[in-house]
Amino acid sequence: MQLAARNTAGLADIKTDLELRYGVQVTTCELDVLQTGALEAFIDSLPELPITVVCAVGTMNDQEDNEQSLEAATLDMRSNFEAPALLLGLFANRFEARGRGTIVGISSVAGDRGRASNYVYGAAKAGFSAFLSGLRNRLASSDVHVLTVKPGFVATKMTEGLDLPEKLTAQPEELGEAIFTAVRKRRNVIYCRRIWWLIMLIIRSIPEGIFKKMSI
Amino acid sequence: MKLSGWGRYSPVDCRVLTPRAEAELAGYLQGEDPVIARGNGRAYGDPALNEAATISMRRLDRMISFDPATGVLVAQAGVLLADVISSVLPQGWFPLVTPGTRFVTLGGMAASDVHGKNHHVHGSFRASVLWLDLVEADGQTRRVSPEATPELFDQTLGGMGLTGLITRLAIQLTRVESGWIRQETIAAPNLKAAINAFEDNAGATYSVAWIDCLARGADLGRSLVMLGEHACLEDLPRTRRRRPFATGRKALRKVPFLFPGFVLNRWTVRAFNRLYYWKGRKATSELVDWESYFYPLDSILEWNRIYGRRGFVQFQCVFPLARSEAGLTQLLQQISEAGEGSFLAVLKRFGPQESAFSFPMEGYTLALDFPARPRSIALLKRLFPIVRDHGGRFYLAKDALLDAEMFFETDGRAPDFATMRTETGRKDVFSSRQSRRLGI
Ligand SMILES: Cc1cc2nc3c(=O)[nH]c(=O)nc-3n(C[C@H](O)[C@H](O)[C@H](O)COP(=O)(O)OP(=O)(O)OC[C@H]3O[C@@H](n4cnc5c(N)ncnc54)[C@H](O)[C@@H]3O)c2cc1C
Ligand SMILES: NC(=O)c1ccc[n+]([C@@H]2O[C@H](COP(=O)([O-])OP(=O)(O)OC[C@H]3O[C@@H](n4cnc5c(N)ncnc54)[C@H](OP(=O)(O)O)[C@@H]3O)[C@@H](O)[C@H]2O)c1
């Protein structure tokens, strides 16, 4: 298992923990995905080209900041779309050349329809979802599998302090297991919790004329 | 966020803080409001609830080191016992002391100083704790051990989170040769026979009795006493010896909806009890996998929902040895007369233990649960004085209903504990709904 993160201080502890829990060997390296110029070198520096790559990078600023500050909006757009897409695109090329591999991108239900409450983040996730969908289409004839993960609410650092509805909120372990199963079953797109598939189906099907007046 | 204990009884709105690094903890102690640590919320009542600030320790859950030669594990307090077992059992190690569910945190086990079916041999969880790190009222982290800081160690093990926040622990595991338990079942037709079975089998590593609370008259206290030993390689059938830890993974099922409360009325419980009893009577000796043996309820996730919306309350007390039989007899008479069934009723012999605030003492402990309806709660309140009058006391990890008066009357250690809390300033910094209810 290879771990990459920009904040390397915590990585050593995570490495030890994973090794003790699962008896696997773990290597760690530093990666800031926003430094897109360094992405190729990062992949080349890995001890081994992985069989599966999972990208869980993302940021979510206050919507209000995103409306008022170009800098904030740019950060959300780049961290949720540009950088993850470029990174996974590079892996895709190598996996294609090798003839196999699995690519997992964590997008969001927020990308399924732009809403006043978080459309900058949502737009970036929409772009990321579309990118993954195209990648999957391109690689369908090779043995490279692309999985798009669309979580609803997950109880993590990102949503700390928000009052999330219990029934619609997954614990991170739950999402982990859903992803693991989806990789094994070679699923294309998953929602987690599953109820979000229905919720988003309804939200997507509301006519724009009505939707624009709603606050959800 | 609405929180409750495992009994789902009387939920309250709490501000929940979820630290992801130990360094964040000291900051939480600087505010006006007192805080309380919360592990995995398996205590039944309100010891891990505090409206102003409940600190979830679940994300401080890194394993730090494990030495397969000595069986010493160092881990953060939020690590689940379930994860410890799945990491160490394949290497031939098992927790020395485990409660009846593995979905508890190591911090929660220490704070309640939990006991297992082997208390009469190995004592409570403290016996396996080499040291722990505690964030104290002043925000400093101190290493607490039985050798270097015996007093604070004694108060913290069983201290229900009221001495500070446990961040990491070193625990000693015990060697096992397989993931199987040799179980022997003895049917005891009444309470006296059950007590005799415990006394005759004091050398068994594990012993516990399932007790039929509705049996009356000459049958009062009829039980199945279950003894267990870790199976060694020779105990296993040949086919299992090559992979002695492979007991098969059980599917975890969820209770899909809240059962209506009436499902557990006295008739269904009575039927269940009869069935279990007659089935058990035939059983003698068998090999059981560790999951089914130690954690029969864990295979049904969220089984606490079967009691319906009102939730349920637990009751667990211990009587000193000399007065156990008399005390238990009176309790069982009250319960069977009321006809209020307890789905789970467990009897267990404790070995000697003297500690600042932990629950166990030498004698017999009885654990029951009841749906939280007014009739059952009224019954429980009638049971309290019986415990008091026989010199018994209550387990705070199960309690949701005691008042300060009854608590102080039953636990002679309470005044000292309360004074210690006031004098050290801990009372202003660490406090739960339970600690305020009990006046400590
Ligand atoms: C099915 C079932 C069976 C059980 N069987 C047994 C049994 O056989 N024997 C037994 O002894 N108990 C038993 N229990 C009770 C259970 O073991 C205890 O309540 C245990 O404390 C729960 O751990 P938790 O991590 O869920 O803690 P919580 O329930 O979240 O908290 C319990 C207490 O620990 C404190 N605490 C938690 N984490 C920390 C920390 N890091 N630092 C300081 N304080 C902390 C809390 O403040 C609180 O006072 C059982 C419970 C269930 C649900
Ligand atoms: N939580 C939810 O409810 C929810 C819902 C839908 C989708 N998601 C998505 O799920 C994914 C995981 O998020 P999470 O909920 O687990 O929140 P999180 O804990 O904040 O995780 C996001 C991670 O992305 C990392 N990151 C951000 N920018 C980076 C960069 N430039 N280079 C390297 N790493 C960077 C962050 O690193 P640092 O630790 O260094 O900040 C952080 O570890 C994200 O894509 C998120 O959008 C979350």
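Counting its secondary structure elements, chain A contains 8 helices and 8 strands. A compact globule built from 216 residues should have a C-alpha radius of gyration of about 17 Å, and chain A, at 18 Å, falls within 12% of that. Taken along its principal axes, the extent of the C-alpha atoms in chain A is 55 × 40 × 35 Å. Taking all 216 residues of chain A together, 40% fall into the buried category. Considering only contacts in chain A between residues 6 or more positions apart, those separated by 24 or more positions represent 67%. In the structure as shown, chain A presents an accessible area of about 12,000 Å², 55% of it carried by carbon and sulfur atoms. Within chain A, the 25 negative side-chain charges are centred at a point lying 10 Å from the centre of the 24 positive side-chain charges.

This part is about helix 10 (residues 321-338) of chain B. Residue and element names in this part refer to chain B. With 18 residues, helix 10 should cover 26 Å at 1.5 Å per step; its first-to-last C-alpha distance of 26 Å lies within 8% of that length. Looking only at helix 10, the buried set comprises Ser-324, Gly-327, Leu-328, Leu-331, Leu-332, Ile-335, Ser-336 and Ala-338. For helix 10, the secondary structure elements touched by its buried residues are helix 6 (191-200), strand 13 (206-211), strand 18 (312-320), strand 19 (345-350), strand 20 (363-371) and helix 11 (374-389). Just past helix 10, the residue Gly-339 takes up positive phi, approximately 65 degrees.

Turning to the site of ligand 1, a few remarks are in order. Residue and element names in this part refer to chain B. Within the structure, ligand 1 sits among 34 residues, and Ala-37, Arg-42, Ala-43, Thr-105 and Tyr-395 are positioned closest to it. The contact in question runs from an oxygen atom of ligand 1 to an N or O atom on the backbone of Ala-43, over 2.7 Å. Protein chains shield 96% of the accessible area of ligand 1, which is 960 Å² for the free molecule. Each residue belonging to the shell around ligand 1 can be placed in one class, and the counts come to 19 nonpolar, 12 polar and 3 charged.

Further remarks concern the side chain of Thr-159 of chain A. Residue and element names in this part refer to chain A. When you line up the elements, Thr-159 lands in the loop between strand 6 (153-154) and strand 7 (169-170). Polar side-chain contacts of Thr-159 include one of 2.6 Å to the backbone oxygen of Val-154. Apart from residues no more than four positions distant in its own chain, Thr-159 is found in contact with Val-154 and Leu-164.

Residue and element names in this part refer to chain B. Read from one edge of the open sheet, 3 strands run 3-5-4, paired in parallel fashion. Strands at the two margins of the open sheet, each flanked by one partner only, are strand 3 (16-17) and strand 4 (36-38). Where strand 3 meets strand 5 (residues 54-56), 2 bridges bridge the pair, whose relative direction is parallel. By the bridge assignment, Val-16 is partnered in strand 5 with Thr-54.

Residue and element names in this part refer to chain B. Pairing is antiparallel in the open sheet, where 8 strands are placed in the order 16-12-14-13-19-20-18-21. With partners counted over all chains shown, the strands left at the sheet margins are strand 16 (285-289) and strand 21 (393-394), one partner each. Relative to strand 19, strand 13 is paired through 2 bridges, and the arrangement is antiparallel. Following the sheet pairing, Trp-210 is matched in strand 19 by Val-346. Across the sheet, helix 6 is in contact with strand 12 (180-188), strand 13, strand 14 (223-230), strand 19 and strand 20; its angle to strand 19 comes to roughly 45 degrees. Against the sheet, helix 11 makes contact with strand 18, strand 20 and strand 21, and its axis sits at roughly 15 degrees relative to strand 18, the strand it touches most.

Let us look at the confidence of the model for chain B. Residue and element names in this part refer to chain B. Counting all residues, the mean pLDDT for chain B is 91, and 90% of those residues have values of 70 or more. The model gives residues 256-263 a pLDDT under 50, and that stretch makes 13 contacts with residues more than four places away or in other chains. Under the prediction, the complex receives an ipTM of 0.92, its pTM being 0.94.

Quick look at the interface of chain A and chain B now. One widely used convention gives an interface's size as the accessible area the parts lose upon coming together. On the chain B side, the residues contacting the 14 residues of chain A number 16 residues. Both sides of the chain A and chain B interface together cover about 1,200 Å² of buried area, and 38% of this is carbon and sulfur. Considering only the side of chain A, the residues that lose the most area to chain B are Leu-20, Arg-21 and Glu-160 of chain A, jointly responsible for 46% of the buried surface there. Our count for the contact surface shared by chain A and chain B stands at 4 salt bridges. Two residues, Arg-20 of chain B and Glu-160 of chain A, come together in a salt bridge whose shortest N-O distance is 2.9 Å. Counting across the chain A and chain B interface gives 8 residue pairs in polar contact (both at pLDDT 80 or more). Those elements that place two or more of their residues in the side of chain A that touches chain B are helix 1 (11-22) and helix 6 (172-184) of chain A. Its residues assigned to classes, the side of chain A that touches chain B shows 4 nonpolar, 3 polar and 7 charged.

Attention now moves to the pairing of strand 10 (residues 141-144) of chain B. Pairing between strand 9 (residues 129-135) of chain B and strand 10 of chain B: 4 bridges, direction antiparallel. Across the sheet, Asp-133 of chain B pairs through a bridge with Arg-143 of chain B, a residue of strand 10 of chain B.

Each value, and the rule that gives it
Within any chain, residue numbers begin from 1 and follow the written order of that chain's sequence. Labels are handed out in written order, letters beginning with A for the chains and numbers beginning with 1 for the ligands. pLDDT decides what is reported in this predicted model: residues at 70 or higher carry local features, side-chain atom pairs at 80 or more are listed and counted, and totals for whole chains, interfaces and linings draw on all residues regardless. Only heavy atoms go into the side-chain values, all of them from the structure, while hydrogens and water stay out. Under the scheme used here, helices are H or I runs from DSSP no shorter than 4 residues and strands are E runs no shorter than 2 residues, and both carry numbers assigned from the N terminus. All radius of gyration figures rest on C-alpha atoms, and the globule criterion is 2.2 Å times the number of residues raised to 0.38. Remark: exposure states derive from per-residue accessible area (1.4 Å probe, protein chains only) relative to the maximum for the residue type, with buried under 20%, exposed over 50%, and partly exposed in between. Throughout, a contact is declared for two residues whenever any of their heavy atoms are within 4.5 Å. Using the Shrake-Rupley algorithm and a 1.4 Å probe, accessible areas are obtained, with residue cover drawn only from the displayed protein chains. Charge convention: Lys and Arg are scored as positive, Asp and Glu as negative, and His as well as the terminal groups of each chain are ignored. A charged residue contributes its charge at one atom only: NZ of Lys, CZ of Arg, CG of Asp or CD of Glu. By this rule, a helix spans an expected 1.5 Å times one less than how many residues it contains. We call a residue near a molecule or strand when any one of its heavy atoms sits within 4 Å of it. In protein, a polar contact means a hydrogen-donor-capable atom and an acceptor-capable atom, both N or O and within 3.5 Å, with residues adjacent in sequence counting only if both atoms are side-chain atoms; elsewhere, any N or O pair within 3.5 Å suffices. By the convention adopted, Pro, Cys, Tyr, Trp, Phe, Met, Ile, Leu, Val and Ala count as nonpolar, Lys, Arg, Asp and Glu as charged, and the other residues, Gly among them, as polar. A pair of strands is labelled paired if DSSP reports no fewer than 2 bridges between them. Axis angles are defined between N-to-C directions and span 0 to 180 degrees, where every axis is a line fitted to C-alpha atoms and, for a helix, only to the segment in contact. By definition, pLDDT measures how confident the predictor is in each residue, and it falls between 0 and 100. Throughout, the accessible surface (probe 1.4 Å) given up by two parts as they are put together, summed over both, is called the buried area. What makes a salt bridge here is a side-chain nitrogen of Lys or Arg within 4 Å of a carboxyl oxygen of Asp or Glu, nothing more.

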